Amino acid sequence: MDAVLHLASRPGGGAPTHRVDVLGTRRLALAAGHAGVAHLLYVSIVGVDRVPIPYYRQKLAAEQVVAAGPVPWTVLRATQFPVFLDRLLRAASRLGPVLGDPAVLAQPVDQHEVAARLAELLATGPLTGVQEYGGPQVLRFDDAVRAWRVARGSRRPLLPVRLPGRLGRELRAGGLTTSAVPTGRRTWADHLADTYGRPDRR
Ligand SMILES: NC(=O)c1ccc[n+]([C@@H]2O[C@H](COP(=O)([O-])OP(=O)(O)OC[C@H]3O[C@@H](n4cnc5c(N)ncnc54)[C@H](OP(=O)(O)O)[C@@H]3O)[C@@H](O)[C@H]2O)c1
């Protein structure tokens, strides 16, 4: 085996995440070292080094395990996949209105484009470094919600809830976004059109 592409994760934070993402990554890195693997490519998330979310702390620790391990490595940090944002908005509107901080910034990137980027990085070989990859647009949460409501024909209003503390500050300051180029091409609007149909064709 020439390379290992490490995507496995147990989101959520806490002990199960630590077991899979940190300890599991360590086991994988050691096993790959013993097997003479020439490249370990690990998928992480833009903002793991800035945004204080328990899951992100574990992803950052896993990055450090990869970097300290015996195998030449690359880390690709991607921004949020649109399917994840979609799921988040459905969860945030379970009680009716969509709850969220209107000024939080996001930069959804199509997961197929992330997969293509990973394939390119496998072909390139180990960079011994971290690369970032984001979508083509930085969106405010309220704009993302507006487009989502139109796409779904939903009347659910946005109920603004300002996120407190450092978490809120980082998210509003663009902690989940990146200026790295190249970016993906597919937009949030493209995802919504694929998933719910173009509003003018419904
Ligand atoms: N979702 C996003 O917006 C996003 C953005 C940037 C980066 N990422 C990163 O991209 C990767 C994939 O994300 P995702 O959203 O596709 O995650 P996901 O849906 O939670 O998938 C995680 C996968 O890991 C597998 N897994 C969990 N524990 C495992 C173990 N001990 N051994 C082997 N496989 C295990 C799971 O398999 P089972 O289902 O069988 O448990 C599942 O297929 C993750 O590393 C994530 O941090 C995600």
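Note that the coordinates shown come from a computational prediction; the quantities given were computed from them, not determined experimentally.

Let's talk about helix 1 (residues 14–34)
Part 1 of the reasoning: The terminal C-alpha atoms of helix 1, which comprises 21 residues, lie 29 Å apart, in line with the 30 Å expected from a rise of 1.5 Å per residue.
Part 2 of the reasoning: A maximum bend of about 35° is found in helix 1 at G24.
Part 3 of the reasoning: Where helix 1 is concerned, the buried positions are T17, D21, V22, G24, T25, A29 and A32.
Part 4 of the reasoning: Structurally, helix 1 contributes buried residues whose contacts are with strand 1 (3–6), strand 2 (39–45) and helix 2 (54–68).
Part 5 of the reasoning: Positive backbone phi, at 75°, marks G36, one or two positions downstream of helix 1.

Focus on the side chain of E63
Part 1 of the reasoning: Mapped onto the elements of the fold, E63 is located in helix 2.
Part 2 of the reasoning: Polar side-chain contacts of E63 include one of 2.7 Å to the side chain of R77.
Part 3 of the reasoning: Here E63 is in contact with Y42, S44, V48, V75, R77 and V130, once residues within four sequence places are set aside.

Points about the site of the ligand
Part 1 of the reasoning: Around the ligand, a shell composed of 15 residues is seen, among which L7, S9, Y55, K59 and F81 lie nearest.
Part 2 of the reasoning: Contact between the ligand and Y55: an oxygen atom at 2.7 Å from a side-chain N or O atom of the residue.
Part 3 of the reasoning: K59 places a polar side-chain atom, nitrogen or oxygen, 2.7 Å from an oxygen atom of the ligand.
Part 4 of the reasoning: About the coverage of the ligand: the protein hides 52% of its 890 Å² of free accessible area.
Part 5 of the reasoning: Of all the secondary structure elements, the ones that give two or more residues to the shell around the ligand are strand 2 and helix 2.
Part 6 of the reasoning: Here the shell around the ligand takes three residues from strand 2, the largest share from any one element.
Part 7 of the reasoning: A per-class count over the shell around the ligand returns ten nonpolar, four polar and one charged.

Some details on the nonpolar core
Part 1 of the reasoning: In terms of nonpolar packing, the biggest core is built from 20 residues, with Y56, L89, V98, F141, W148 and W188 touching the most fellow members.
Part 2 of the reasoning: Breaking this core down by element, the ones donating at least two residues are helix 2, helix 3 (82–92), helix 5 (141–152) and helix 7 (188–196).
Part 3 of the reasoning: Counting residues per element, this core draws most heavily on helix 5, which supplies five residues.
Part 4 of the reasoning: Counting residues in each nonpolar core, the second largest holds eleven residues, with V37, L40, V66 and V71 among its members.

A word on the packing of aromatic side chains
Part 1 of the reasoning: Applying the stated criterion across every chain, the model contains one aromatic pair.
Part 2 of the reasoning: A ring pair is formed by Y55 and Y56, whose centres lie 6.3 Å apart and whose planes are at 55°; its orientation type is tilted. For the pair formed by Y55 and Y56, the shared burial category is buried.

Overview of the sheet that holds strand 3 (residues 73–78)
Part 1 of the reasoning: Reading across the sheet, the four strands line up as 1-2-3-6 and stay open at both edges, with parallel pairing between neighbours. Strand pairing shows two members of the sheet lacking a second neighbour, strand 1 and strand 6 (130–133), which therefore form its edges. Neighbour-to-neighbour, the strand axes of the sheet open up by a mean angle of 20°, direction not taken into account.
Part 2 of the reasoning: Relative to strand 2, strand 1 is paired through four bridges, and the arrangement is parallel. By the bridge assignment for strand 2, L5 is matched with L41.
Part 3 of the reasoning: Its contacts with the sheet place helix 1 against strand 1 and strand 2, and it is angled at close to 165° to strand 2.
Part 4 of the reasoning: Packed onto the sheet, helix 2 meets strand 2, strand 3 and strand 6 and runs at close to 165° relative to strand 2.

Overview of the pairing of strand 3
Part 1 of the reasoning: Of all six residues in strand 3, six are buried; the element is thus mostly enclosed.
Part 2 of the reasoning: The parallel pair strand 2 and strand 3 is bridged by helix 2, and the resulting crossover is right-handed.
Part 3 of the reasoning: Note: strand 3 against strand 6, four bridges, orientation parallel. When the bridges of strand 6 are listed, L76 appears paired with Q131.

Cut-off values and rules
- Residues numbered from 1 in each chain as written.
- Predicted model: local features only at pLDDT ≥ 70, side-chain atom pairs only at ≥ 80, totals over all residues.
- Heavy atoms only, no water.
- Helix = DSSP H or I, 4+ residues; strand = E, 2+ residues; numbered from the N terminus.
- Expected span 1.5 Å × (residues − 1).
- Bend = angle between axes of the 7 residues up to and from the residue.
- Buried < 20%, exposed > 50% of the residue type's maximum accessible area, 1.4 Å probe, protein only.
- Contact = heavy atoms within 4.5 Å.
- Polar contact = N/O pair within 3.5 Å; in protein donor to acceptor, adjacent residues only side chain to side chain.
- Near = heavy atom within 4 Å.
- Areas by Shrake-Rupley, 256 points an atom, 1.4 Å probe, with all protein chains shown as cover.
- Nonpolar A, V, L, I, M, F, W, Y, C, P; charged D, E, K, R; others polar.
- Core = buried A, V, L, I, M, F, W, Y, C linked by side-chain atoms within 4.5 Å.
- Phe/Tyr/Trp six-rings, centres within 6.5 Å; stacked < 30°, edge-to-face > 60°.
- Pairing = 2+ DSSP bridges.
- Axes fitted to C-alpha atoms, helices over the stretch in contact; angles between N-to-C directions.
- Right-handed = clockwise from strand over helix to strand, strands pointing away.

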